[in-house]
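Structural description and commentary
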Amino acid sequence: MPTDIASLLFALTVSMLTMAIALPAVMGKVNAAARRAQLGIFLQATGWVLLLLSGLVEAGSWTDRSLSTLSMAGIAGGLALNATAFDLWCGRTGHARAPTIIAVVLTLGYGIGFSSYAFRVGWANGLLALQMALVAVTLWRAPLVPVGRWRWLLIIALIAQMVVTAWRGVLGAFFTEQFPAFLTPHPVNIAFAMVANATAVLSLTGILLAHRDEAARALERLATVDALTGILNRRAWLVQSSVELENSVRYDQPLAVLMLDLDHFKQINDSRGHEAGDHALQFFAKALQAAVRIGDVVGRYGGEEFVVLLNYANQAAAKAFDQRMRAYLAEATMRELGHELSYSAGIAIRRSADDTLEAMLRRADVTLYSAKVQGRSRTLDAQDLQLLHAETAG
């Protein structure tokens, strides 16, 4: 196996180019994080191509300066883009300002100080090492979403690259006679090239695993979240609410379930179109989320029907929630939708430790039906039903 610098760096460049071509093909349809990772690898591959090409022109010429400076922009810019991708995959905003600033400063300083070999080698390798350290620290921070072991692969790769890159920078800046040219076969330079080849494989593996994690999270969201409204779908609401009901029984805390149905929703679709109907559903879901407390569970039960589980809620708390919702709709629907929007609802309170979620939903459905029969735009519970039955009997 060849160990001369030229062969090792050529192999690295081929590997980076292969990664740049393969990633879009392997990943398929991607999100913002994966697109930035793809572009980052492409820029780094381009940077290495330009750096090798600079060795084929007259040393110190303007062509050499241009190719070398552009190569630094590609390598550092690609690393900054990868940093934003890693941030996004870890659930953060994905700005990566510090690595981006370093990429700009590195490129400008390299171009300006190009005539000094010791300066440009120390400057470029030193700032690249700092950039790698910052990205590694970012990955080290606890992610905001569940992620796999890929971030540790990337941390290992970045630390290894950082060490040999910094070592190379010190050698070129302060011991220039031992490292007078880019392809000098110094042990540090050979170590740099070998580590760069190895970490390229680790980086590719880490990026693919990160993309797989993101795809798995997306599938999980599709399985639990209603695509139109962004709240839990029926199945996920039932699962989460069953857990909350068990906790309510265990700690002997009250719990209420509401079933809500938008009034005359078909008329909205028929008179204003399905887009207006979708907008009304989205608006109502957001209103429910704004009205509940932390720990309550909101879901879309189906069509224009919604369900809410209120933790630590008795009859009075459930009625208070209903009043908040109706007050908000009265104030905001004309402004947000351009038409009125009301709902009918039924309330069921947990009766005993043996009460089940299915039984509560049946009771809430019965009271909801009575609310619709009584003229809609109202909320009833078991006591209201008893009063209605008494009035009817009387």
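Everything below is about the structure printed above this text.
Quick summary incoming for the structure in this document. (Residues numbered from 1 in each chain as written. Predicted model: local features only at pLDDT ≥ 70, side-chain atom pairs only at ≥ 80, totals over all residues. Heavy atoms only, no water.)

Checked against the element boundaries, Ala-223 lands in helix α7 (residues 187-224). In this structure Ala-223 comes out as partly exposed when scored by relative accessible area, which is 34%. The spacing of Ala-223 and Asn-233 is ten residues in sequence and 8.1 Å in space, taken between C-alpha atoms. Here Ala-223 is in contact with Asn-233 and Arg-235, once residues within four sequence places are set aside. (Helix = DSSP H or I, 4+ residues; strand = E, 2+ residues; numbered from the N terminus. Buried < 20%, exposed > 50% of the residue type's maximum accessible area, 1.4 Å probe, protein only. Contact = heavy atoms within 4.5 Å.)

Moving on: the pairing of strand β2 (residues 297-302). A large share of β2 lies buried, amounting to five of its six residues. As paired elements, β2 and strand β3 (residues 305-311) share five bridges and run antiparallel to each other. If you follow Val-297 over to β3, its bridge partner there is Leu-309. The turn linking β2 back onto β3 is made up of two residues, and Gly-303 within it adopts a positive phi angle of 60°. (Pairing = 2+ DSSP bridges.)

Attention shifts here to the sheet that holds strand β5 (residues 379-380). Strand order in the open sheet formed by five strands is β2-β3-β1-β4-β5, and the pairing between neighbours is mixed. Two strands lie at the open edges of the sheet, namely β2 and β5, each paired on one side alone. Sheet topology places strand β4 (residues 343-349) next to β5; two bridges connect them, and they run parallel. Bridging from a neighbouring strand, Gly-346 pairs with Leu-380 of β5. Those strands touched by helix α11 (residues 315-337) are β1 (255-262), β3, β4 and β5, and its axis lies near 165° from that of β4. (Axes fitted to C-alpha atoms, helices over the stretch in contact; angles between N-to-C directions.)

Attention now moves to the packing of helix α3 (residues 62-89) against helix α4 (residues 97-112). Relative to each other, α3 and α4 sit at 175°, their axes nearing to 8 Å. Comparing the axis directions of α3 and α4 gives the class roughly antiparallel. Here Arg-65, Ser-68, Thr-69, Met-72, Ala-73, Ala-76, Gly-77, Ala-80 and Ala-83 of α3 lie close against α4, whose contacting residues are Pro-99, Thr-100, Ala-103, Leu-106, Thr-107, Tyr-110, Gly-111 and Ile-112. A class-by-class count of the residues in the contact of α3 with α4 yields ten nonpolar, six polar and one charged. (Parallel < 35°, antiparallel > 145°, perpendicular 65-115°, else oblique. Nonpolar A, V, L, I, M, F, W, Y, C, P; charged D, E, K, R; others polar.)

The next subject is the pattern of salt bridges. Side-chain pairs of opposite charge can arise where the charged atoms are in close proximity. Under the definition given, this model contains eleven salt bridges. Asp-381 is the partner of Lys-319 in a salt bridge, and the nearest nitrogen-oxygen pair spans 3.6 Å. Note that Lys-319 is positioned in helix α11 and Asp-381 in the loop between β5 and α13 (382-393), a separation of 62 residues in sequence. Assessed through its relative accessible area of 24%, Lys-319 is described here as partly exposed. Judged by relative accessible area, which is 2%, Asp-381 ranks as buried. A salt bridge links Arg-326 to Asp-322; its shortest N-O distance comes to 3.2 Å. Here Arg-326 pairs with Asp-322, and both are found in helix α11, just four residues apart, close to one helical turn. Since its relative accessible area comes to 7%, Asp-322 is described here as buried. One network of salt bridges, in which partners are shared, links Glu-331, Arg-335 and Glu-336. (Salt bridge = Lys/Arg side-chain N within 4 Å of Asp/Glu carboxyl O.)

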